[in-house]
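For reference, the chains in residue letters:
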Amino acid sequence: TFPDDTPAGGGGGGGGGGSDEPSDKPTDDPKDEPTDNPSVTPDDGKKFKDLGAHTWAEDAIYELVDAGVINGTSANTYSPAKNITRADFATLAVRLFKFEGDAETFADVPKDKYYAEPVGIAKANGIVNGISETEFAPLKEISREEMMVMLYRALKAAGIELEATVELNHSDYDAVSDYAKEAVSALIKSGLIAGSNGKINPKAHATRAEVAVVLNRIYVLLVK
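Residues numbered from 1 in each chain as written. Predicted model: local features only at pLDDT ≥ 70, side-chain atom pairs only at ≥ 80, totals over all residues. Heavy atoms only, no water.

### As for the overall build of the protein chain
Next up, step 1: Broken down by element type, the protein chain carries 6 helices and 0 strands.
Next up, step 2: Per-residue burial for the protein chain yields a buried fraction of 50% across its 224 residues.
Next up, step 3: Contacts in the protein chain between residues at least 24 apart in sequence constitute 81% of all its contacts with a sequence separation of at least 6.
Next up, step 4: As displayed, the protein chain offers around 9,800 Å² of accessible surface, 47% of which is attributable to carbon and sulfur atoms. (Helix = DSSP H or I, 4+ residues; strand = E, 2+ residues; numbered from the N terminus. Buried < 20%, exposed > 50% of the residue type's maximum accessible area, 1.4 Å probe, protein only. Contact = heavy atoms within 4.5 Å. Areas by Shrake-Rupley, 256 points an atom, 1.4 Å probe, with all protein chains shown as cover.)

Structure below.
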């Protein structure tokens, strides 16, 4: 059994928005750029300087760095507590599964951004739908249920079928959006997502530390 995605008392940031369903619009308009800088890797013996409170995620982070899946936000910082954006998460999923395909992307994804090609590849492989037919909301912080939906689709696209269950016993299962319930139940049933303190926290945002732990579980599944 895998440990919780976060240590006791942990969890992503509050409130999620959009659903990666064509009908939902984002509820905020973040101005910050995504943070997973593709041009930097840790220096000083591969040690990020800001993981002191996130030692539970260190092994996962460094394994994904070695695999070329994830990067820091600078040469010596990882920003583990920072919420991850939809663009960055799609980028990491494409790197992890090594997907290829048509990189035609969404209208709100600038073509000169490092995440433009992977978001387009994610779209081509059916991993993302966007928040409308033309918009992806790349800078919006991803919710945990959105993350699980993207991962579930990515696993399917990679030929890995997970068994879903009708209902989970988590106290906040009813808070999971209908479109996400199959993905959420399948990932939790498989042990790839554990939740925290008996909760799924579907609307909470996913931090870069949490994402590294979850993606590393899938990386181990893929390479072994």
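### Describing the packing of aromatic side chains
Where two aromatic rings form a pair, the distance of their centres and the angle of their planes describe that pair.
Next up, step 1: In the structure shown here, the tally under the stated rule is 5 aromatic pairs.
Next up, step 2: Taken together, a centroid distance of 5.8 Å and an interplanar angle of 10° make the contact between Phe48 and Tyr62 stacked. In this pair, Phe48 is assigned in the segment before helix H1 (55-66) and Tyr62 in helix H1, connecting sequence segments 14 residues apart.
Next up, step 3: When its relative accessible area of 6% is taken as the criterion, Phe48 is described as buried.
Next up, step 4: Accessibility expressed as a relative area gives 11% for Tyr62, which makes it buried.
Next up, step 5: Here Phe97 and Phe99 contribute two aromatic rings whose centre-to-centre distance is 5.3 Å and whose plane-to-plane angle is 15°, an arrangement assigned as stacked. The pair Phe97 / Phe99 is uniform in exposure class, with both members buried.
Next up, step 6: Looking at Lys123, its charged tip hangs above the ring of Phe106, at a distance of 4.6 Å from the centre.
Next up, step 7: Here Arg208 stacks its cationic end above the ring of Tyr78, 4.2 Å away from the centre of that ring. (Phe/Tyr/Trp six-rings, centres within 6.5 Å; stacked < 30°, edge-to-face > 60°. Lys NZ or Arg CZ within 6 Å of the ring centre and 35° of its normal.)

### Examining the confidence of the model for the protein chain
Next up, step 1: Scored by pLDDT, the protein chain comes out at a mean of 82, with 79% of its residues at no less than 70.
Next up, step 2: Counted against residues more than four places away or in other chains, residues 6-33, with its pLDDT under 50, gives 78 contacts. (pLDDT = per-residue confidence, 0-100.)

### Some points on helix H3 (residues 116-124)
Next up, step 1: Taken as a whole, H3 has its buried residues at Ala116, Pro118, Val119, Gly120, Ile121 and Ala122.
Next up, step 2: In this structure, the buried residues of H3 make contact with helix H2 (86-97).
Next up, step 3: Downstream of H3 by a residue or two, Gly126 has a phi angle that is positive, lying close to 75°.

### Looking at helix H4 (residues 144-157)
Next up, step 1: In this model, H4 (14 residues) spans 20 Å end to end at C-alpha, consistent with the 20 Å of a helix rising 1.5 Å per residue.
Next up, step 2: With 12 of 14 residues buried, H4 lies mostly within the body of the structure.
Next up, step 3: All of the buried residues in H4 are Arg144, Glu145, Glu146, Met147, Met148, Val149, Met150, Leu151, Tyr152, Arg153, Ala154 and Leu155.
Next up, step 4: Close packing links the buried residues of H4 with H2, helix H5 (181-190) and helix H6 (208-223).
Next up, step 5: Following H4 by one or two positions, Gly159 has its phi on the positive side, about 85°. (Expected span 1.5 Å × (residues − 1).)

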